[in-house]
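Spelled out from the first residue to the last, the chains are:
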Amino acid sequence: QVQLVESGGGLVQPGGSLRLSCAASGRTFSSYAMGWFRQAPEKEREFVATISSSGGYTYYTDSVKGRFTISRDNAKNTVYLQMNSLKPEDTAVYYCAADRGIPSSSQNSYNYWGRGTQVTVSS
């Protein structure tokens, strides 16, 4: 069992930055691929980024490439999402998730989910 708790969300102006963190419980964090997803109001949850268990592989949805960076610290059982050049369309609840298998953009691949953290980009 893995429990995930996101933090770092908030209100930021367009063009600003935020760093989300996701702290995981358990001793097997380093064996899980991790992902970030988001859900905007009245929209379905969508994939944002994923990282392999070792951190050596990352993959992003096109809309965040060059602006967002996913990383992890296995010694701290934490995965991060650095978000730069934020846009109003990035406004959403951001969720982290853990996948026992390989990194994936499919929500169905993930076994554990956090409760989310709100990110609002507005002037």
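Scroll up to find the structure this text is about.
Residues numbered from 1 in each chain as written. Predicted model: local features only at pLDDT ≥ 70, side-chain atom pairs only at ≥ 80, totals over all residues. Heavy atoms only, no water.

**Quick notes on the overall build of the protein**
Then, in step 1: A tally of regular secondary structure across the protein gives zero helices and 11 strands.
Then, in step 2: Listing the helices and strands of the protein from first to last along the sequence gives β-β-β-β-β-β-β-β-β-β-β.
Then, in step 3: Taken against the 2.2 N^0.38 rule, which gives 14 Å for 123 residues, the C-alpha radius of gyration of the protein at 13 Å falls within 12% of a compact globule.
Then, in step 4: Put simply, the protein has 123 residues, and 44% of those count as buried.
Then, in step 5: Intrachain contacts of the protein at a sequence separation of at least 6 include 57% that bridge at least 24 residues.
Then, in step 6: As displayed, the protein has an accessible area near 6400 Å², and 44% of this comes from carbon and sulfur atoms.
Then, in step 7: Considering the protein, the positive charge centre built from 12 side chains and the negative charge centre built from 9 side chains are found 7 Å apart. (Helix = DSSP H or I, 4+ residues; strand = E, 2+ residues; numbered from the N terminus. Rg over C-alpha atoms; globule rule 2.2 N^0.38 Å. Buried < 20%, exposed > 50% of the residue type's maximum accessible area, 1.4 Å probe, protein only. Contact = heavy atoms within 4.5 Å. Areas by Shrake-Rupley, 256 points an atom, 1.4 Å probe, with all protein chains shown as cover. Lys, Arg positive; Asp, Glu negative; His and termini not counted. Charge placed at Lys NZ, Arg CZ, Asp CG, Glu CD.)

**Focus on the pairing of strand β9 (residues 92–99)**
Then, in step 1: Burial analysis of β9 places seven of its eight residues in the buried class, the great majority of the element.
Then, in step 2: Looking at chain direction, strand β4 (residues 33–39) and β9 are connected through seven bridges and run antiparallel. Considered in β9, the bridge of A33 is made with D99.
Then, in step 3: Here β9 runs beside strand β11 (residues 117–121); their pairing, made up of three bridges, is antiparallel. Bridge assignment links V93 to a residue of β11, and that residue is Q118. (Pairing = 2+ DSSP bridges.)

**Concerning the nonpolar core**
Then, in step 1: L4, M34, W36, L81, M83 and Y94 are the most contacted members of the largest nonpolar core, which has 30 residues in total.
Then, in step 2: At the level of elements, β3 (18–24), β4, β5 (46–51), β7 (68–73), β8 (78–83), β9 and β11 are the ones that each hand at least two residues to this core.
Then, in step 3: Contact partners of M83, with chain neighbours within four places excluded, come to G16, S17, L18, L20, R67, F68, Y94 and V119. (Core = buried A, V, L, I, M, F, W, Y, C linked by side-chain atoms within 4.5 Å.)

**Here's the deal with the state of the cysteines**
Then, in step 1: Applying the stated criterion across every chain yields a total of one disulfide.
Then, in step 2: Between the sulfur atoms of C22 and its disulfide mate C96 the distance is 1.9 Å. One disulfide, between C22 and C96, carries an S-S torsion of 45 degrees and so falls in the right-handed class. Highlighted residues: C22 in strand β3 and C96 in strand β9, separated in sequence by 74 residues. When sorted by exposure, C22 lands in the same class as C96, which is buried. (Disulfide = S-S within 2.5 Å.)

Keep in mind these numbers describe shape, not what the thing actually does.
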